[in-house]
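Analysis of the macromolecular model
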Amino acid sequence: MCGIVGYIGKQKASAIILEGLKRLEYRGYDSAGIAIQKNGRFEVAKKAGRVEGLIKSTPALKISGTSGIGHTRWATHGGVTDANAHTHLSSDGKFALIHNGIIENYAGIKKFLLTKGYTFQSETDTEVLCNLIAYHYQKEPATTEGSRFLECVRKTLRHIEGAYGIAVMCSDCPAEIVSARKGSPLILGVGDNEYMLASDVAAIISRTQNVVYLKDGEILHLTARDFSISTLEAEDVSPVIDRVTWSIEDTDLNGSAHFMEKEIFEQPAALENTMRGRFAEDGSTANFGGLNISPVDFRQIDRFHFLACGSAWHACLVAEHLIERFARVPVEVDYSSEFRYRNTPLGKNALFFVVSQSGETIDTLAAMREAKRKGYMVLAVNNVVGSTIARESAGGIYQHVGPEIGVASTKAFTSQLLVGAMLALYIGRMRDMSFSDGVEYVNALKGVPDIVRRTLEQAPHIREIAKRYAHYHDFLFLGRLSLFPVALEGALKLKEVSYIHAEGYPAAEMKHGPIALISENCPSVFLVPSGEMFTKVVSSMQEIKARKGRIIAIATEGCELPEGVADEVISIPACHEAVLPIVATIPMQLLSYYIAVELKRDVDKPRNLAKSVTVE
Ligand code: G6P
């Protein structure tokens, strides 16, 4: 939620910051703003709406200062207005500040500052930060200006409760930026005679691949020549500079109309990357280098807990099904936000997995900390290398699917399904799964990229279906067993990108309520696999048909659907049970995407959503 960018160097800062903001818009896109510092003066431009709108409407951006900060907002405190957009200035005009997060104790601080004569122009929680810095600065004896600025930010942050990633400039200290984080992500890009700070690597990758990942409670002090990192307690931190493996091309559309389209069609390669190097030499099980728990200890685990939000939660539900089915070990899946506040009884030998594409989702991070506090080992399944969740976990599995920019998760979701399937294999082979079943399972997983590629060939057919169904206002998505969470994901995808109401349900459970919605105006998308569930699912389809409901069936190739039971059929290749959820997801992604395109929705930036939810 919210993206922050800062630049300090020799180039004109505004163009670089705006480019960075465009690449961070997936984090929030209600409003955007920028502040450039020149000759001890701030030039601020901010506006409700997208970064593009800010660029078009603001002549101030032509200014030539070489340091500045910028922000793209996902509103929490205060509506989507120009005044609430960041950058915010302290009422004495000395400090300019951007913020990602929520200041929980802002009301008390604001009350205090009002008594001291400070004024407020916005309804945001953020504005108290710059005024509190100004208050401390004005009280602090004037020693060397640079350290006085830094120390006042440090002092201010000690009074702050909540989450923040901030960047601040002081008009007394041209060419300096102080930045800090607690709960919200912050990285530093170390370029050629220049530095950039940002919420995410995407904002800086066009200028440098050298990155320092800041930790919670760390403060960054940037000048045009160097940088230093210290803690809230003023201890020096030795920075570790990492090299990012992906490049700017990975964050471009490269000819696709939308990132969602690009990322859907990238799935064969993305899934290949998730699997690469992760099968044992004997070809009968999976191999994970980063779990940091010995197979002997892992074998002792008698219950797994999975925590996640959004699509990642659906992936966990599929993992639950596969692990219980193939490894016969109980699995509990919780929404991260619920787990934090529930007092779930937990077994002695339990192990936690947190699943998060971004590795920054605040609820998942907090749930993970809660599990750790209770003394449990927590492993992470995560895509963004160096994310907070990755760093705070005891170990884990990187997804390696490259940056996912579309707000609605696609390739990261199927990659999480694949990781879940590989975990089921790994745990299963430690228990009752035979060598030959393991080999069969591994071969099925190795075939995933190809089978997904074949499924994607259905795109033109699905596009035609989407055109015929885009005008409906309600949809049901129905599936059973491991395909029930896939139905949930199908409904979520449609809601997210097309704003059409959709519900996912276990196919047979539909009789207990949702069937009341059925009429010729509420189509159902059925997931119809071959095998033991086939006749059961077909019976549910008949019940819908008897009530004049239209049906889109996503059915295994070769299944003999009774005449007239489906209005549309999308075929998916026959495959292993562990692979089926991945394959069944693809047509639903395409259906949602094409319906959204048909409705001219803002596919990559759906209203009200943000990709990385860093507020509770
Ligand atoms: C947001 C995104 C979803 C995502 C969820 C969890 O709601 O829009 O696509 O599934 O966050 O994100 P995470 O990064 O933790 O997987």
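**Some remarks on helix H15 (residues 448–456)**
Helical geometry: 3.6 residues make up each α-helical turn, so side chains three or four residues apart lie on a common side. Val448, Pro449, Ile451, Val452, Thr455 and Leu456 are the residues of H15 that are buried. On an axial view of H15, the arc spanned by its buried residues comes to 165 degrees, and they lie on one face.

**Digging into the site of the ligand**
Taken together, 14 residues lie near the ligand, and Ser311, Ser356, Gln357, Ser358 and Thr361 sit nearest. In the environment of the ligand, an oxygen atom lies 2.6 Å from a nitrogen or oxygen atom belonging to the side chain of Ser356. In the environment of the ligand, an oxygen atom lies 2.7 Å from a nitrogen or oxygen atom belonging to the backbone of Gln357. Protein chains bury 90% of the 390 Å² of accessible surface belonging to the ligand in isolation. Looking at the shell around the ligand, the element that brings in the most residues is helix H9 (residues 310–326), giving 3 residues.

**Thoughts on the environment of Ile16**
Mapped onto the secondary structure, Ile16 falls in helix H1 (residues 13–24). Separated by 188 residues in sequence, Ile16 and Ile204 have C-alpha atoms that sit 8.8 Å apart. When near neighbours in sequence (up to four residues on either side) are disregarded, Ile16 contacts Tyr7, Gln11, Met196 and Arg207.

**What about the domain arrangement of the chain?**
Domain annotation of the chain identifies domain 1 (3–250), domain 2 (253–446) and domain 3 (454–603). Placing a centre on the C-alpha atoms of domain 1 and another on those of domain 3 gives a separation of 45 Å.

**Comments concerning the pairing of strand E17 (residues 331–335)**
Every other side chain in a regular strand lies on the same face of the sheet, so the side chains alternate between the two faces. Bridge count between strand E16 (residues 303–308) and E17: 5 bridges; the pairing is parallel. Within E17, the residue paired with Phe306 across the bridge is Val333. Regarding the hand of the β-α-β motif, the stretch spanning E16, H9 and E17 is right-handed.

**Quick word on the sheet that holds strand E7 (residues 162–170)**
A sheet is described by the order of its strands in space; here 7 strands give the open sequence E5-E6-E7-E8-E12-E13-E14, paired in antiparallel fashion. Edge positions in the sheet fall to strand E5 (88–89) and strand E14 (236–237), since each has one partner strand and no second. Across 4 bridges, the pairing between E7 and strand E8 (residues 176–182) is antiparallel. When the bridges of E8 are listed, Ile166 appears paired with Ala180. Running over the sheet, helix H4 (residues 127–139) touches E5, strand E6 (95–103) and E7 and is turned about 130 degrees from E6.

**A look at helix H13 (residues 411–429)**
Spanning 19 residues, H13 covers 27 Å between terminal C-alpha atoms, matching the ideal 27 Å at 1.5 Å per step. Most of H13 is tucked away, with 18 of its 19 residues classed as buried.

**Let's talk about the nonpolar core**
Side chains of a nonpolar character, in soluble globular proteins, are inclined to be buried together. Core analysis: the largest hydrophobic core is formed by 95 residues, its most contacted members being Phe298, Phe304, Phe306, Ile323, Phe353, Leu445 and Phe475. Looking at this core element by element, the count peaks at 12 residues for helix H19 (residues 580–598). Built from parts of two domains, this core gets at least three residues from each of domain 2 (253–446) and domain 3 (454–603). Once residues within four sequence positions are removed from consideration, Phe298 is found in contact with Leu291, Ile293, Phe304, Leu351, Phe353, Leu379, Tyr426, Ile427 and Met430. With 33 residues, the next largest nonpolar core counts Leu54, Ala203, Val211 and Val407 among its residues.

**Focus on the side chain of Asp363**
Along the chain, Asp363 falls in helix H11 (residues 362–373). Those residues in contact with Asp363 that sit more than four places away from it in its chain are Cys309, Ser336, Ser337, Arg340 and Glu616.

**Re unusual backbone geometry**
The linkage connecting His86 with the following residue, Thr87, adopts the cis geometry, with an omega of 20 degrees. Among the secondary structure elements, Thr87 is positioned in the loop between strand E4 (67–73) and E5.

**Considering the packing of aromatic side chains**
Under the definition given, this model contains 18 aromatic pairs. Ring geometry for Phe475 against Phe477: centres 6.3 Å apart, planes inclined by 35 degrees, an arrangement best described as tilted. One exposure class covers both Phe475 and Phe477, and it is buried. Site record: aromatic cluster; members linked through ring pairs are Phe288, Phe298, Phe304, Phe306, Phe353 and Tyr426.

**A look at the packing of helix H7 (residues 267–275) against H13**
Running from N to C, H7 and H13 cross one another at 35 degrees; their axes reach a closest spacing of 10 Å. By crossing handedness, the relation of H7 to H13 is classed as right-handed. Of H13, the residues touching H7 (which contributes Gln267, Ala270, Leu271, Thr274 and Met275) are Lys411, Thr414, Ser415, Leu418, Val419 and Met422. Of the residues in the contact of H7 with H13, the class split is 6 nonpolar, 4 polar and 1 charged.

**Observations concerning the packing of H13 against helix H14 (residues 435–446)**
Between H13 and H14, the least distance of the axes is 10 Å, while the angle of their chain directions is 165 degrees. With respect to H14, the element H13 is oriented roughly antiparallel. For the pair H13 and H14, the sense of crossing is left-handed. When H13 is examined against H14, the residues Leu418, Ala421, Met422, Ala424, Leu425 and Arg429 are found in contact with a partner set consisting of Phe435, Gly438, Tyr441, Val442 and Leu445. Here the residues of the contact of H13 with H14 sort into 9 nonpolar, 1 polar and 1 charged.

About the cut-offs
- Residues numbered from 1 in each chain as written.
- Predicted model: local features only at pLDDT ≥ 70, side-chain atom pairs only at ≥ 80, totals over all residues.
- Heavy atoms only, no water.
- Buried < 20%, exposed > 50% of the residue type's maximum accessible area, 1.4 Å probe, protein only.
- Helix = DSSP H or I, 4+ residues; strand = E, 2+ residues; numbered from the N terminus.
- Arc of directions from axis to C-beta.
- Near = heavy atom within 4 Å.
- Polar contact = N/O pair within 3.5 Å; in protein donor to acceptor, adjacent residues only side chain to side chain.
- Areas by Shrake-Rupley, 256 points an atom, 1.4 Å probe, with all protein chains shown as cover.
- Contact = heavy atoms within 4.5 Å.
- Domains from an automatic or database assignment.
- Pairing = 2+ DSSP bridges.
- Right-handed = clockwise from strand over helix to strand, strands pointing away.
- Axes fitted to C-alpha atoms, helices over the stretch in contact; angles between N-to-C directions.
- Expected span 1.5 Å × (residues − 1).
- Core = buried A, V, L, I, M, F, W, Y, C linked by side-chain atoms within 4.5 Å.
- Phe/Tyr/Trp six-rings, centres within 6.5 Å; stacked < 30°, edge-to-face > 60°.
- Left-handed = near helix turned anticlockwise from the far one by under 90°.
- Nonpolar A, V, L, I, M, F, W, Y, C, P; charged D, E, K, R; others polar.
- Parallel < 35°, antiparallel > 145°, perpendicular 65-115°, else oblique.

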